[in-house]
Amino acid sequence: MSFGALARWISASLFFGLAAALATAASAQTPTPEQYLAHVGGEAKLVPPGQLVIDGYRLYCGKRPTVLDPKLDDYGAAYPGFLILNPRLLARVSTPVKLWIHAHECAHQFRGPDEETADCFAVQRGRREGWLTPQGLEEVCAFITPAKSTSMHLAGSHRCQAMRRCYAEQTVR
Ligand SMILES: [Zn+2]
């Protein structure tokens, strides 16, 4: 989602050992969901489009399937063609944050790798669909802004400001 997924979107080669196994000599190809599952094995599973339910919400991302991978190194990630969510980490955050993570990863499917654009798409979708209230948006902000003051902290609060602007805008991006 926030920090690792951009590189993952652009090229699978930064995704630890996965790329080594999946990349061809010619170029780092993005895997299919089936290839991803075969590589990570274990408890990861594929959820077909339209069948993902989180906290009672049925979540859609067009015709894209979702891989639930409890060993993913982040809350969520996006490869072109499918989403990955980590159910173990998602269990630790509130419902609006979960739904925002899904919408953010879904946004990468349709809007490309830019994080600010994906953030904006996600909050506007949440507002439109009614699952993201101003309070929920503050929970998302708290989630992406680590408590300690670091460069990541600055990145998080910058993203929050942009999301608050987007949330207030009536024009859909
Ligand atoms: Zn992202």
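Scroll up for the structure.
Conventions adopted
Residues numbered from 1 in each chain as written. Predicted model: local features only at pLDDT ≥ 70, side-chain atom pairs only at ≥ 80, totals over all residues. Helix = DSSP H or I, 4+ residues; strand = E, 2+ residues; numbered from the N terminus. Buried ≥ 20, exposed ≤ 12 C-beta atoms within 10 Å, placed from the backbone. Contact = placed C-beta atoms within 7 Å. Axes fitted to C-alpha atoms, helices over the stretch in contact; angles between N-to-C directions. Parallel < 35°, antiparallel > 145°, perpendicular 65-115°, else oblique. Expected span 1.5 Å × (residues − 1). Pairing = 2+ DSSP bridges. Core = buried A, V, L, I, M, F, W, Y, C linked by C-beta atoms within 7 Å.

(A) Here's a closer look at the overall build of the chain. When its secondary structure is counted, the chain shows 8 helices and 6 strands. In sequence order, the secondary structure elements of the chain are arranged as α-α-α-β-β-β-β-β-β-α-α-α-α-α. Put simply, the chain has 173 residues, and 36% of those count as buried. A sequence separation of at least 24 residues applies to 48% of the contacts in the chain between residues at least 6 apart.

(B) Quick peek at the packing of helix α5 (residues 95-111) against helix α7 (residues 134-144). Where α5 meets α7, the axes come as close as 8 Å, and the angle between the chain directions of the two elements is 70°. Regarding the angle of α5 to α7, the classification is roughly perpendicular. Every residue of α7 that contacts α5 at P96, V97 and W100 is listed here: G136, E139, V140 and F143.

(C) Here's a closer look at α5. Here α5 is 17 residues long and its end C-alpha atoms lie 24 Å apart, about the 24 Å a rise of 1.5 Å per residue gives. Within α5, 14 of the 17 residues are buried, which leaves the element mostly enclosed by the surrounding structure. Once α5 finishes, G112 follows within two positions and takes phi at roughly 85°, a positive value.

(D) Molecular detail of the environment of P33. Among the structural elements, P33 can be located in helix α3 (residues 33-40). Classification of P33 by C-beta neighbours within 10 Å gives buried; the count is 20. Between the C-alpha atom of P33 and that of F82, which follows or precedes it by 49 residues, the distance is 6.7 Å. If sequence neighbours within four positions are ignored, P33 has contacts with L46, P65, V67 and F82.

(E) Geometry of the sheet that holds strand β1 (residues 45-47). The strand order β1-β4-β6-β5 describes an open sheet built from 4 strands, whose pairing is mixed. If you trace the sheet from one side to the other, it starts and ends with β1 and β5 (76-79), each paired once. Here the strands of the sheet are splayed against their neighbours by 25° on average, with no regard to which way each runs. Sheet topology note: the β1/strand β4 (residues 66-68) ladder contains 3 bridges and is antiparallel. Note on β4: the bridge partner recorded for K45 is L68.

(F) Up close: the nonpolar core. Counting 34 residues, the largest nonpolar core has L83, W100, A103, A122, V123, V140 and M163 as its most contacted members. Looking at this core, the elements with two or more residues in it are β5, β6 (82-85), α5, α6 (115-129), α7 and α8 (151-168). For this core, the element with the highest residue contribution is α5, accounting for 7 residues. Setting aside residues no more than four positions away along its own chain, V140 makes contact with P96, V97, W100 and M163.

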